[in-house]
Number of protein chains: 2
Amino acid sequence: MKSKLLLSLLALTLAGTAAAQVKPEDAIKFRQSGYAFMSWNMQRIKANVEGQYNKDEVIKAATAIQAIANSGMGALYLPGTDHGKGWEETRVKPELFTNKEGVGKVAGAFVKEANEMAKVAAAGDAAASKEQFGKLSGTCKGCHDDFKIKK
Amino acid sequence: MKSKLLLSLLALTLAGTAAAQVKPEDAIKFRQSGYAFMSWNMQRIKANVEGQYNKDEVIKAATAIQAIANSGMGALYLPGTDHGKGWEETRVKPELFTNKEGVGKVAGAFVKEANEMAKVAAAGDAAASKEQFGKLSGTCKGCHDDFKIKK
């Protein structure tokens, strides 16, 4: 009886959090958008740590990356979105939908380094930002190598 | 002599902050990505304030919107990006490049309400979030009415 109640509550919770029904093509478009927007902000940080360092610019860029990294984009990898077109054909590898442990590892590393990037950016030290930018870039590449089809 | 030095310093600063050279088609793509990603997060907040309210979900969505709103997307409206294709043909109206005062007004309103949305979301009150979501949506619409070509 108790477990039935728990199951009902769980179902209710899942229904609640799944309330924003997203169409597969929109889910693909939204995740492509998140990555593209982060890519702009990675370029901005790169330009700053390799050129003249503007603290505010790096903070804005790092904050955007951090917020997108922590936004729960995993929800956009809906069943049925292993193929399909958002802005363009998705380049996700089928492994992303099957290798939960591997995905958890690269996603966790990315979120950790994105949070650290925002912290380092706030402190405003160019050399430290450059080092942390390298670590963050590494987590992007790690995920792309394993779960994104090369062009 | 002093003013020449100041001018040189200014030129250096501008060169420094413009270091991230963005191609026009990329600038259009990046801004389309920012808006699309915010649109996903607006949908999530809407689903929460109209359905079952999940505080964490709303915080994540509002934080992403706030960070993108404050990221300095204005820099993506480069000269020469009044026409052109990012993910798709830009729908920006020419007025965005000429009506500085009008743009400043809608952009300022949007950033203000996005910051307020993040604050209200953090407090976790569903009714207050619903009200603030309405205000934030209004600023999206205000800008679209004036500066975005309808489909």
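Note that residues are indexed from 1 along each chain, following the sequence as it is written. Starting at A for chains and at 1 for ligands, labels are handed out in the order in which the entities are written. Only residues with pLDDT of at least 70 are given local features in this predicted model, and only at 80 or more are side-chain atom pairs given and counted; all residues enter the totals for whole chains, interfaces and linings. Water and hydrogen atoms were dropped before computing side-chain values, which therefore reflect all heavy atoms in the structure.

(A) Spatial organisation of the interface of chain A and chain B. When checking whether two residues touch, look at their non-hydrogen atoms; a contact exists if any pair is within 4.5 Å. Facing 33 residues of chain A, the contacting portion of chain B comprises 33 residues. By definition, the buried area sums, over both parts, the 1.4 Å-probe accessible area that each loses when the two are put together. With both chains or domains summed, chain A and chain B bury close to 2,900 Å², and 70% of this area falls on carbon and sulfur atoms. Taken as a group, Phe30, Trp40 and Trp87 of chain A account for 24% of the area that chain A buries against chain B, more than any other trio of residues on that side. Here, a salt bridge means any side-chain nitrogen of Lys or Arg that lies within 4 Å of a carboxyl oxygen of Asp or Glu. Our enumeration of links across chain A and chain B arrives at zero salt bridges. Under the rule applied, a polar contact is a pair of N or O atoms within 3.5 Å (in protein, one hydrogen donor and one hydrogen acceptor; residues adjacent in sequence only if both atoms are side-chain atoms). Where chain A touches chain B, the interface holds two residue pairs in polar contact (both at pLDDT 80 or more). Contributions of two or more residues to the side of chain A that touches chain B are made by helix H1 (2–17), helix H2 (24–50) and helix H3 (55–69) of chain A. To qualify as a helix, a DSSP run of H or I must reach at least 4 residues; to qualify as a strand, a run of E must reach at least 2; elements of each kind are numbered from the N terminus. Per-element accounting of the side of chain A that touches chain B gives the leading share, eleven residues, to H2 of chain A. Ten residue types, Ala, Val, Leu, Ile, Met, Phe, Trp, Tyr, Cys and Pro, are classed as nonpolar, four, Asp, Glu, Lys and Arg, as charged, and the remainder, Gly among them, as polar. Of the residues that constitute the side of chain A that touches chain B, the class distribution is 15 nonpolar, 14 polar and four charged.

(B) Seen up close, the relation of the copies chain A and chain B. When chain A is fitted to chain B, the best match, at an RMSD of 0.0 Å, comes from turning it 180 degrees and sliding it 0.0 Å along the axis. Expressed as an axis order, the relation between the two copies is that of a two-fold axis. No C-alpha of chain A lies nearer the rotation axis than that of serine 33 of chain A, which sits 2.1 Å from it. A symmetric contact is evident, with 100% of the interface residues of chain A recurring at the interface of chain B. C-alpha atoms of residues with pLDDT of at least 70 in both copies form the basis for the least-squares superposition of the copies.

(C) Spatial organisation of the packing of H3 of chain A against helix H3 (residues 55–69) of chain B. Axis geometry follows a simple rule: fit a line to the C-alpha atoms, using only the stretch in contact for helices, then measure angles between N-to-C directions, giving values from 0 to 180 degrees. For the pair H3 of chain A and H3 of chain B, interaxial distance at closest approach is 8 Å and the crossing angle is 160 degrees. Here H3 of chain A lies roughly antiparallel to H3 of chain B, going by the angle between them. As for how H3 of chain A packs across H3 of chain B, the hand of that crossing is left-handed. Of the residues in H3 of chain B, those touching H3 of chain A at Thr63, Ala64, Ala67 and Ile68 of chain A are Thr63, Ala64, Ala67 and Ile68 of chain B. Of the residues belonging to the contact of H3 of chain A with H3 of chain B, the class tally is six nonpolar, two polar and no charged. Our angle categories are set so that under 35 degrees counts as roughly parallel, over 145 as roughly antiparallel, 65 to 115 as roughly perpendicular, and the remainder as oblique. Two helices that cross are described as forming a left-handed crossing if the nearer one is turned anticlockwise from the farther one by less than a right angle, and a right-handed crossing if clockwise.

(D) Focus on the pattern of salt bridges. Evaluation of the coordinates by the stated rule reveals twelve salt bridges over all chains. The salt bridge partner of aspartate 145 of chain B is lysine 141 of chain B, with a shortest N-O separation of 2.7 Å. Separated by four residues within a single helix, aspartate 145 of chain B and lysine 141 of chain B lie in helix H5 (residues 126–147), roughly one turn from each other. If you follow the salt bridges from partner to partner, you end up with Lys141, Asp145 and Lys150 of chain A in one network.

(E) Spatial organisation of the nonpolar core. Ile45 of chain A together with Ile45 of chain B are the most contacted members of the largest nonpolar core, which totals 48 residues. Contributing elements (two or more residues each) for this core: H2, H3, helix H4 (100–123) and helix H5 (126–147) of chain A together with helix H2 (24–50), H3, helix H4 (100–123) and H5 of chain B. With sequence-adjacent residues up to four places away left out, isoleucine 45 of chain A is seen in contact with Val58, Ala61, Ala62, Ile65, Met117 and Phe133 of chain A. Definition used in this section: a nonpolar core is a set of buried Ala, Val, Leu, Ile, Met, Phe, Trp, Tyr and Cys residues joined via side-chain atoms within 4.5 Å. Relative accessible area decides the class of each residue, using a 1.4 Å probe on protein chains only: under 20% of the type maximum gives buried, over 50% gives exposed, and in between gives partly exposed.

(F) Quick peek at the packing of aromatic side chains. Here a Phe, Tyr or Trp ring, Trp counted by its six-membered ring, pairs with any other such ring whose centre lies within 6.5 Å, and the pair is stacked when the planes are under 30 degrees apart, edge-to-face when over 60, and tilted otherwise. All chains considered together, the criterion is met by five aromatic pairs over all chains. Arginine 44 of chain A extends its terminal NZ or CZ atom over the ring of tryptophan 40 of chain A, reaching a point 4.2 Å from the ring centre. The criterion is that NZ of a Lys, or CZ of an Arg, lies within 6 Å of the ring centre and within 35 degrees of the ring normal, and then a charge sits over that ring. The positively charged end of lysine 29 of chain B is found above the aromatic ring belonging to tryptophan 87 of chain B, 4.4 Å away from the centroid.

(G) How the structure looks around H4 of chain A. Under the convention used throughout, the expected extent of a helix is 1.5 Å for every residue step, that is, one less than its residue count. Between the first and last C-alpha of H4 of chain A there are 35 Å, a value that for 24 residues agrees with the 34 Å anticipated at 1.5 Å per step. Lining the buried residues of H4 of chain A we find H2, H3 and H5 of chain A.

(H) Region of the structure containing the packing of H4 of chain A against H5 of chain A. Residue and element names in this part refer to chain A. Orientation of H4 relative to H5, taken along the N-to-C sense of each, is 160 degrees, at an axis distance of 9 Å. As judged from the angle between their axes, H4 and H5 are roughly antiparallel. In this structure, H4 meets H5 at a crossing whose hand is left-handed. Taking contact as the criterion, the partners of Gly102, Val103, Val106, Ala109, Phe110, Glu113, Ala114, Glu116, Met117, Val120 and Ala121 in H4 are, on H5, Ala128, Ser129, Gln132, Phe133, Lys135, Leu136, Thr139, Gly142, Cys143, Asp146 and Phe147. Grouping the amino acids of the contact of H4 with H5 by side-chain chemistry returns 13 nonpolar, five polar and four charged.

(I) Quick look at the side chain of serine 71 of chain B. Mapped onto the elements of the fold, serine 71 of chain B is located in the loop between H3 and H4. Residue serine 71 of chain B is classed as buried on the basis of its relative accessible area of 0%. Residues contacting serine 71 of chain B, with those up to four places away along its chain left out, are Phe37, Trp40, Arg44, Lys60 and Ala64 of chain A.

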